[in-house]
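# Overview (structure and organization)
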Amino acid sequence: MENVKIGDIELKGRVVLGPMAGVTTLPYREFMKPFGVALSYSEMISDCGLYYSNKKTLTYFRTSKKDRPVGLQLFGFDFHNTERAIEILEEYADYDVLDLNFGCPVPKVTKTGAGSAWMKRPQEMYEYTRAVVAKSHKPVTAKMRLGWDQEHINVVELAHLLEQAGVKMITIHARTSTQGYAGTPDFSKIQDLGNDLSIPLCVSGDIYTPEDALQAMKQTGAKMVMVARGGLGNPELITNINRVLNGENPLPSPSVSQDADYALTFAKMLCDYLGERDGAMMLRGLLPHFFSGFPGYKKIRAEISMNIRSYDDIQRILNGIRNRNKL
Ligand SMILES: Cc1cc2nc3c(=O)[nH]c(=O)nc-3n(C[C@H](O)[C@H](O)[C@H](O)COP(=O)(O)O)c2cc1C
């Protein structure tokens, strides 16, 4: 299979790691990368947060050699702020792609006119994107949804506008903004769109198995597929999508011990990065995913989400899970 390019950047593989606020930190991206991620995205970064040097926002653009190629995703509502944010990123961050968030459904964001609220204003969205493309020295990509709601599905029109504005890849999360993250994604609304665009299309929405990926790509003509929630605790999903796309069989399911090893490796990376206390707090929500579907999952989840405060706690609990399942 031919490699897809974003501008001059050649992507190895067809799986993009989707941006997830509160999840896709640098260590998460570094942990997932070796499983076959072609391109990762940071969680969304507020252009105003950069502009006003919000301390937390400034940590969002950290990347590393291992992390690349990586896209940093900005959200904003006014080119004046975005322009300054791009200058800051270009001065202080190492990254490959700049992504524009036109998909966030959270009211706190959309009420300012940012995120998916742009989809209600096609002409403004076009002009904003054109200005960003002209400003950025990195290739620009964009991520959006099907439309604001079922009565306003305008994704196809917007995809063509974004292409004209100069973006180098478009990702579509096949839900409307009002659907949030629930309900079934509807790829029929972007049927064959990938074949009508001159730039690569990436599709997103409920990708939990290689078959989900293949089906969504086939139906839409997308060259790339985005893994978001499906990759939580299941990094081999990315390997398996690439394998199946290459005509190979997926790997056998990992053993409990293998999953515990993955969880521990990730826990160590996150604790090293955030510090033990903050790392443990974040891991309370993330580690249980590694054991979903296991017998006794509810107990494991409760144990992890209530009891971990340090890396030692994590090691003890994960070893317990490993040993229990050996019996
Ligand atoms: C907790 C969470 C945070 C997310 N944060 C972002 C974000 O910062 N930027 C973005 O473009 N999409 C974000 N998304 C959307 C995902 O990238 C993805 O498009 C969406 O979850 C659909 O894919 P899935 O159904 O396979 O999870 C987020 C999704 C979740 C669940």
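Bear in mind the structure is a predicted one, so any value in this text is a computation, not a measurement.

If you tally the helices and strands in the protein chain, you get 14 helices and 10 strands. A compact globule built from 327 residues would reach a C-alpha radius of gyration of about 20 Å, and the protein chain, at 20 Å, matches this within 12%. Each of the three principal axes of the protein chain carries a C-alpha extent, and together these read 60 × 45 × 35 Å. Scored against the burial criterion, the 327 residues of the protein chain give a buried share of 48%. Sequence separation of 24 or more characterises 66% of the internal contacts of the protein chain that already satisfy a separation of 6 or more.

With that settled, consider the pairing of strand β7 (residues 140-145). Burial analysis of β7 places six of its six residues in the buried class, which makes it a mostly covered element. Of the two faces of β7, the one carrying V140, A142 and M144 and the one carrying T141, K143 and R145 are both buried. Bridge analysis of strand β6 (residues 97-102) against β7 gives five bridges, and the strand direction is parallel. Following the sheet pairing, L100 is matched in β7 by A142. Here β7 runs beside strand β8 (residues 169-173); their pairing, made up of five bridges, is parallel. Considered in β8, the bridge of R145 is made with H173. Each parallel crossover has a hand, and the one from β7 via helix α7 (residues 155-165) to β8 is right-handed.

To continue, consider the domain arrangement of the protein chain. When its domains are assigned, the protein chain resolves into domain 1 (4-245) and domain 2 (256-326). Centre-to-centre, using C-alpha coordinates, domain 1 lies 29 Å away from domain 2. Taken together, the contact between domain 1 and domain 2 spans nine residues of the former and 10 residues of the latter.

Right, let's talk about the nonpolar core for a bit. I170, C202, V203 and V225 are the most contacted members of the largest nonpolar core, which has 96 residues in total. Ranked by residues supplied to this core, first place goes to helix α11 (residues 256-274) with seven residues. If we ignore the near neighbours within four places in the chain, the residues touching C202 are V16, M169, T171, A222, M224, V225 and M226.

The next thing to look at is the sheet that holds strand β10 (residues 224-227). One closed barrel holds the eight strands; their spatial order is β3-β4-β5-β6-β7-β8-β9-β10, and the pairing between them is parallel. In this sheet, neighbouring strand axes are inclined to one another by 25° on average, regardless of whether the strands run parallel or antiparallel. Strands in contact with helix α9 (residues 210-220) are β9 (201-204) and β10; relative to β9, the strand with the most contacts, it is inclined by about 135°.

As a further point, take the packing of α9 against helix α10 (residues 236-245). Two numbers describe how α9 lies on α10: the axes approach to 9 Å, and their chain directions differ by 55°. Relative to α10, the element α9 lies oblique. The two elements α9 and α10 meet at a crossing, and its hand is right-handed. Contact residues: P210, A213 and L214 in α9; N240, I241 and V244 in α10. Across the contact of α9 with α10, the residue classes tally to five nonpolar, one polar and no charged.

The rules behind each value
Residues numbered from 1 in each chain as written. Predicted model: local features only at pLDDT ≥ 70, side-chain atom pairs only at ≥ 80, totals over all residues. Helix = DSSP H or I, 4+ residues; strand = E, 2+ residues; numbered from the N terminus. Rg over C-alpha atoms; globule rule 2.2 N^0.38 Å. Buried ≥ 20, exposed ≤ 12 C-beta atoms within 10 Å, placed from the backbone. Contact = placed C-beta atoms within 7 Å. Pairing = 2+ DSSP bridges. Right-handed = clockwise from strand over helix to strand, strands pointing away. Domains from an automatic or database assignment. Core = buried A, V, L, I, M, F, W, Y, C linked by C-beta atoms within 7 Å. Axes fitted to C-alpha atoms, helices over the stretch in contact; angles between N-to-C directions. Parallel < 35°, antiparallel > 145°, perpendicular 65-115°, else oblique. Left-handed = near helix turned anticlockwise from the far one by under 90°. Nonpolar A, V, L, I, M, F, W, Y, C, P; charged D, E, K, R; others polar.

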